[in-house]
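Below, each chain spelled out in residue letters.
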Amino acid sequence: MTEKEKGDEKIVPLKKIDVRELTSCENTAQMLEKARRDGVETAFDRAVSMKACPIGADSACCKHCAMGPCRLNTKDPYGKVGVCGATIDTIMARNFARMVASGAAAHTDHGMSMLDVFREVVNGNIKDYTIKDPIKLKEVADSIGIETEGRETDDIANDLYRELERTYTQVEGEIPFATRVPPKTLETWRTHGVVPRGAMREIMELMHRTHMGVDQHYENITKQCSRTALADGWGGSMVATEISDILFGTPTPVRAEVDMGCLKEDQVNIIIHGHEPNLFESMLASVNDPTLLKAAEDAGAKGINLIGMCCSGAEMLSRHGIPHAGNFMSTEAVLVTGAVDAMGVDVQCIKQGLAKVAQCYGTKLFTTNPRARIEGAEHIEFEEHEPKKCTDQIVEMAIVRFKNRNMPVEIPKISSTGIHGFSHEYINYMLGGTFRSSYTPLNENIINGRIRGVAGVVGCTNPRVKQDWVHVELVKELIKNDVLVVQTGCSQIALAKAGFYKPEAAHLAGPGLSEVCEAVGMPPVLGVGSCVDNSRILIACAEMVRVGGLGESIADLPVAGAAPEWMSEKAISIGHYFVASGVYTVFGVTFPIIRDTKFHKLLFEGLEELGFGKWGFTEDPYEMAQLMIAHIDKKRKALGIDKARERVLFDMASRRELEAI
Ligand code: XCC
């Protein structure tokens, strides 16, 4: 590869880079090649030609006031301070905290939207949605102490709305879902003063404290950072998940197709990409509307093909088995097929570059949310009181585009069918059966060593690393070592494309895990939905503690988390709420602080000593797996169940010997 230096920046002739170095997704690679032939630029190209800013990457720059921006030396972090005297630890902690504040704001604002819809449904002001899962409504109400016995669904729903609103607006006290936190974990939070009051207050306070001249102790900033992140995980995100389940149904296993092969040349293809399920749910109703189906038929189409991408895609995949075309780094590539007649987007992870790619291929790109417009995209506002008005219009425009398709269409052939939709409730049922649904069998299998531990592998894809590759290699290593993997978001889609969501993938797991998978009939990798659904993993952790035998707090559990290809601030907020909840969490790609500083030491070691989890970092998937497995083994040892594992292996060996006789 030849590189031409221009000042600081390296300009790399893109066409020389093999697309297979950029992605391990075959379909995305095919589309990137087509984009090059067509002269269309994507984020992959821009990432190659735009080197990441090394000072920003290490968080050694402070632009919180106009005395700066101040740039510290990443090679000699304690060599100088900012104009105001801020040290490198203060600067890094403030930058990190603002990433958490932004990520937490995204999830909690999403949760608030869901709660708004819920209130309007309960008040009878929205007729297009109803309460689909009244059992879940009761369970959630019960879990936060609302009386449900003998009461009408609407009464419970009214109380639930009022209680959950406190997640956001409460100024003093503890957020409602604090009741779900294992007592010892909650005690740790109380000791350190990090139990969230209300998300709005925590985010506001974090923004205040990171203003110039306020909180200038990295330890104190980290405390508020934890409190804010917890307001996301056990607050806004959890509300988003629970309310979406109540309104649209709790996922149960469903067979679904993933990857660009789900596009259909002879149908009107509509993609919904973003995060809030209400837009997608309404689109589902629109594409089944007989009038619109007839219009599509009249335009010469064999039907309307509704497809998801990114997190709203992952949510609809889990809940309804709607096909999914790919994760974050495939959203431009999918437009290169020329087969997408309309893409409707709402909030989060929508690349601005989509507008240009859509324009090149004549795809209609629609923004729908008042909070998120894109220059060059048409805006059709989604109004939850009349949701179909927006989605019907998108379908109509997609039909027009289908009729006037004037470019060759190239749809990659590959797709993979797997099983998705493992909500916490279903895992409970699956393991224990109808009559004794519980996590007891999971805990037992961990104690007896068939399952070594549980890992959450989640998060984005990022053009700074080969798309999907780190996710897939990491998960392969984990399951081979008998670690059960639960997933959300774009990571789930990476593994689904690679075929890990088929029950037959059990043979890729180690002997203990594959035995459990075969007995239960589940894949070794369980997809639980979108990024806000990481809250399902928190609930699963709390349940594992409650059932017993694996310690008293989440920090005692043989579990670990990873976001190997992360890119968004939301990922940092998620990572930090897992850490604050007690989970060792390893990130890949890059970590936005300087090693061997006091703040680094606090995040990577100090928090664990205080009873929380801790952060980890490596770009290498195999090292990442080793770090996570070593942590799981450390926890097994502390629980005194490390011997049990050896015994199980011995037992299996002797059983095989017996079988051989
Ligand atoms: Fe976005 Fe949620 Fe990341 Fe994917 S995983 S790139 S945050 S869509 Ni959520």
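Rules used in this analysis
Residues numbered from 1 in each chain as written. Predicted model: local features only at pLDDT ≥ 70, side-chain atom pairs only at ≥ 80, totals over all residues. Heavy atoms only, no water. Near = heavy atom within 4 Å. Nonpolar A, V, L, I, M, F, W, Y, C, P; charged D, E, K, R; others polar. Donors = N, O, S within 2.8 Å, 3.2 Å for Na, K, Ca; no water. Helix = DSSP H or I, 4+ residues; strand = E, 2+ residues; numbered from the N terminus. Pairing = 2+ DSSP bridges. Contact = heavy atoms within 4.5 Å. Axes fitted to C-alpha atoms, helices over the stretch in contact; angles between N-to-C directions. Buried < 20%, exposed > 50% of the residue type's maximum accessible area, 1.4 Å probe, protein only. Right-handed = clockwise from strand over helix to strand, strands pointing away. pLDDT = per-residue confidence, 0-100. Parallel < 35°, antiparallel > 145°, perpendicular 65-115°, else oblique. Expected span 1.5 Å × (residues − 1). Arc of directions from axis to C-beta.

(A) Quick peek at the site of the ligand. In the region of the ligand, the neighbouring residues are His 275, Cys 310, Cys 311, Phe 328, Cys 349, Gly 459, Cys 460, Cys 490, Cys 531, Met 567, Ser 568 and Lys 570. For the shell around the ligand, the residue count by class is 8 nonpolar, 3 polar and 1 charged.

(B) Main features of the coordination of the nickel atom of the ligand. The sole protein-derived ligand of the nickel atom of the ligand is Cys 531 (SG), positioned 1.8 Å away. Looking at the secondary structure, you find Cys 531 in the loop between strand 14 (525-527) and helix 22 (534-547).

(C) Structural view of the sheet that holds strand 8 (residues 340-345). Taken together, the 5 strands give an open sheet; going across it, the order is 7-6-8-9-10, and neighbouring strands pair in parallel fashion. Two strands in the sheet have a free side with no partner beyond their single neighbour: strand 7 (304-309) and strand 10 (378-379). Here strand 8 pairs with strand 9 (residues 364-367) via 4 bridges, running parallel. Of the residues in strand 9, the one forming a bridge with Met 343 is Leu 365. Helix-sheet contacts for helix 16 (residues 387-403) involve strand 6 (268-273), strand 7, strand 8, strand 9 and strand 10, and the interaxial angle to strand 8 is about 155°.

(D) Representation of the sheet that holds strand 17 (residues 615-617). With parallel pairing, 6 strands are arranged side by side in an open sheet as 14-13-12-15-16-17. Every interior strand has two partners, whereas the edge strands, strand 14 and strand 17, have only one. Across the sheet, the axes of successive neighbouring strands diverge by a mean angle of 25°, strand direction being ignored. The pairing of strand 12 (residues 453-457) with strand 15 (residues 559-563) spans 4 bridges and is parallel. Across the sheet, residue Ala 455 finds its bridge partner in strand 15, namely Ala 560.

(E) Representation of the pairing of strand 8. Along strand 8, 6 of the 6 residues are buried, which leaves the element largely enclosed by surrounding structure. Across 5 bridges, strand 6 lies against strand 8 in parallel orientation. Across the sheet, His 273 pairs through a bridge with Val 345, a residue of strand 8. Read from strand 8 through helix 15 (residues 354-361) to strand 9, the crossover connection turns out right-handed.

(F) Highlighting the confidence of the model for the chain. When pLDDT is averaged across the chain, the result is 94; 94% of the residues are at 70 or more. In this model, residues 1-9 is a region of pLDDT below 50 whose contacts with residues beyond four sequence positions or in other chains number 16 contacts. The low-confidence segment residues 647-661 (pLDDT under 50) makes 7 contacts with residues lying over four places distant or belonging to another chain.

(G) Summary view of the packing of helix 12 (residues 290-298) against helix 16. Relative orientation of the contacting elements helix 12 and helix 16 amounts to 10°, with a least axis distance of 10 Å. As summarised for this structure, helix 12 and helix 16 are arranged roughly parallel, according to the angle between their axes. Between helix 12 and helix 16, the contacting residues are Leu 292, Ala 295 and Ala 296 on the first element and Asp 392, Val 395, Glu 396 and Ile 399 on the second. The residue makeup of the contact of helix 12 with helix 16, split by class, is 5 nonpolar, no polar and 2 charged.

(H) Quick peek at helix 7 (residues 153-169). Across its 17 residues, helix 7 extends 24 Å between first and last C-alpha, which sits within 8% of the 24 Å expected from 1.5 Å per residue. Regarding helix 7, the residues found buried are Ile 156, Ala 157, Leu 160, Tyr 161, Leu 164, Thr 167 and Tyr 168. Take helix 7 and look down its axis: the buried residues cluster within an arc of 140°, on one side only. Packed against the buried residues of helix 7 are helix 5 (88-122), helix 6 (134-143), helix 9 (199-209) and helix 10 (218-248).

(I) Inspection of the environment of Phe 599 at higher detail. When you line up the elements, Phe 599 lands in helix 24 (residues 598-609). Sequence separation of Phe 599 and Ser 530 is 69 residues, and the distance between their C-alpha atoms is 31 Å. With residues near it in sequence (within four places) discarded, Phe 599 still touches Asp 89, Met 92, Ala 93, Phe 96, Tyr 218, Thr 222 and Ile 593.

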